[in-house]
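What the coordinates show
Here are the chains, one letter per residue:
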There are 2 protein chains.
Amino acid sequence: MSYEKALEALADPTRRALFERIGKTPSSVGELADAFPISQPAVSQHLRVLREADLVQVRREGTRRIYGVSREGLGALRAYVESFWSDVLSAFADGASQSSEGAAQ
Amino acid sequence: MSYEKALEALADPTRRALFERIGKTPSSVGELADAFPISQPAVSQHLRVLREADLVQVRREGTRRIYGVSREGLGALRAYVESFWSDVLSAFADGASQSSEGAAQ
DNA sequence: AGTGGAAATAAGTATTTACTTATATAAGTC
DNA sequence: GACTTATATAAGTAAATACTTATTTCCACT
């Protein structure tokens, strides 16, 4: 749906690192705050942006909140990039206008 | 190579719009400056960022410069998203831990 | 070489944003 | 209900950035 928000969310290096870490192992806010050199509120703020981009998902576990990757936002981003990519490929096949390039792929 | 720069470049709405327009029809700086409600230098600055992210490519044509999409940066971004996506899918297949989701794909 | 047009760079500015510390909310435990 | 632990929100700040106008660079043409 909104690949725009996904792009904006993943543009920031810290937020991207948080997202990648969450992708490998779902984590609580505290675990993330321990693993990264920023404060807990900073982590929460980043998580909020990632959540609003549908890139992550929360699950309550007692008093903690476990953040994991959501497929919604990532899927939207993937669809966008993929469609753009195929457009570019077909434009290249048509025109073959890109001068400084060698073989395809 | 550097999907990071591609993400940062495409995060800005104006720059993303420029990139999408260039994807449809390669254009000169002047044409872009006419088509968008920003000044020519602003266009040039955005093009520079897109160029440094290997998302666009320049070709000289007389005194003008025609910008077209480059496959380098877009391919890098695509590879990143794609690999992340497949990781998420396999993690989902393993754990099936995402609570609020329905069927796969 | 001199002129004209196209694009890049320089310099300055207002907005955005990624952080901080302080505080509030929420859930589990006694 | 009081206390502790975990997370979110409030408020403020310094750095990044997307624009502007002014100027420079670069190419074509005479």
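Above this note sits the structure.
Quick caveat: nothing in here was measured; it's all calculated off a predicted structure.

Quick word on the nonpolar core
Across soluble globular proteins, you tend to see nonpolar side chains buried next to one another. Residues A:Ala6, A:Leu55, A:Leu77, B:Ala6 and B:Leu55 are the most contacted members of the largest nonpolar core, which totals 43 residues. Setting aside residues no more than four positions away along its own chain, A:Ala6 makes contact with A:Ala53, A:Leu55, A:Gly73, A:Leu74, A:Ala76 and A:Leu77.

Observations concerning the protein's contact with DNA strand D
Residues in close proximity to DNA strand D total 22 residues, the closest being A:Ser28, A:Gly30, A:Pro41, B:Ser39 and B:Pro41. Secondary-structure elements contributing two or more residues to the surface near DNA strand D are helix H3 (29-35), helix H4 (40-52) and strand E3 (64-69) of chain A together with helix H4 (40-52) of chain B. The element contributing the most residues to the surface near DNA strand D is H4(A), with six residues. Along the lines of polarity and charge, the residues of the surface near DNA strand D split into six nonpolar, twelve polar and four charged.

What to know about the environment of B:Val29
All names here are of chain B. In this structure, Val29 sits in helix H3 (residues 29-35). Residue class for Val29 comes out partly exposed when judged on the 17 C-beta atoms lying within 10 Å of it. Spatially, the C-alpha atom of Val29 lies 7.5 Å from that of Tyr67, the residues being 38 residues apart in sequence. Non-local contacts of Val29, meaning those with residues more than four positions away in its chain, are made with Gln40, Val43, Ser44, Leu47 and Arg65.

Considering unusual backbone geometry
Negative phi is the rule for most residues except glycine; trans is the rule for most peptide bonds. The phi dihedral of A:Asp54 is positive, around 60°, even though this residue is not glycine. As for its placement among the helices and strands, A:Asp54 is situated in the loop between H4 and strand E2 (56-61).

A closer look at the relation of the copies chain B and chain A
After a rotation of 180° and a shift along the axis of 0.0 Å, chain B superposes on chain A with an RMSD of 0.0 Å. Taken together, the rotation and translation relating the two chain copies correspond to the operation of a two-fold axis. Most of the interface of chain B is mirrored in chain A: 95% of its interface residues are interface residues there too.

The rules behind each value
Once a new chain begins, its residue numbering starts again from 1 and follows that chain's sequence as written. Chain letters and ligand numbers both follow the written order, the letters beginning at A and the numbers at 1. Since the coordinates come from a predicted model, pLDDT governs what is reported: local features require at least 70, and pairs of side-chain atoms require 80 or more to be given and counted, while whole-chain, interface and lining totals use all residues. In this usage, the nonpolar core is the set of buried Ala, Val, Leu, Ile, Met, Phe, Trp, Tyr and Cys residues whose C-beta atoms join them within 7 Å. Exposure classification rests on a simple neighbour count of other C-beta atoms within 10 Å of a residue's own: a residue reaching 20 or more is buried, one at 12 or fewer is exposed, and one in between is partly exposed. C-beta atoms are placed from the backbone. Residues are scored as being in contact if the C-beta atoms we place from backbone atoms lie within 7 Å. Using a C-beta atom placed from the backbone, a residue is scored as near a molecule or strand whenever that atom is within 6 Å of it. A run of DSSP states H or I qualifies as a helix once it reaches four residues; a run of E qualifies as a strand once it reaches two. Both are numbered from the N-terminal end. When residue character is reported, Ala, Val, Leu, Ile, Met, Phe, Trp, Tyr, Cys and Pro are called nonpolar, Asp, Glu, Lys and Arg charged, and the others, Gly included, polar. Copies overlap after least-squares fitting; the atoms used are the C-alpha atoms of residues with pLDDT of at least 70 in both.

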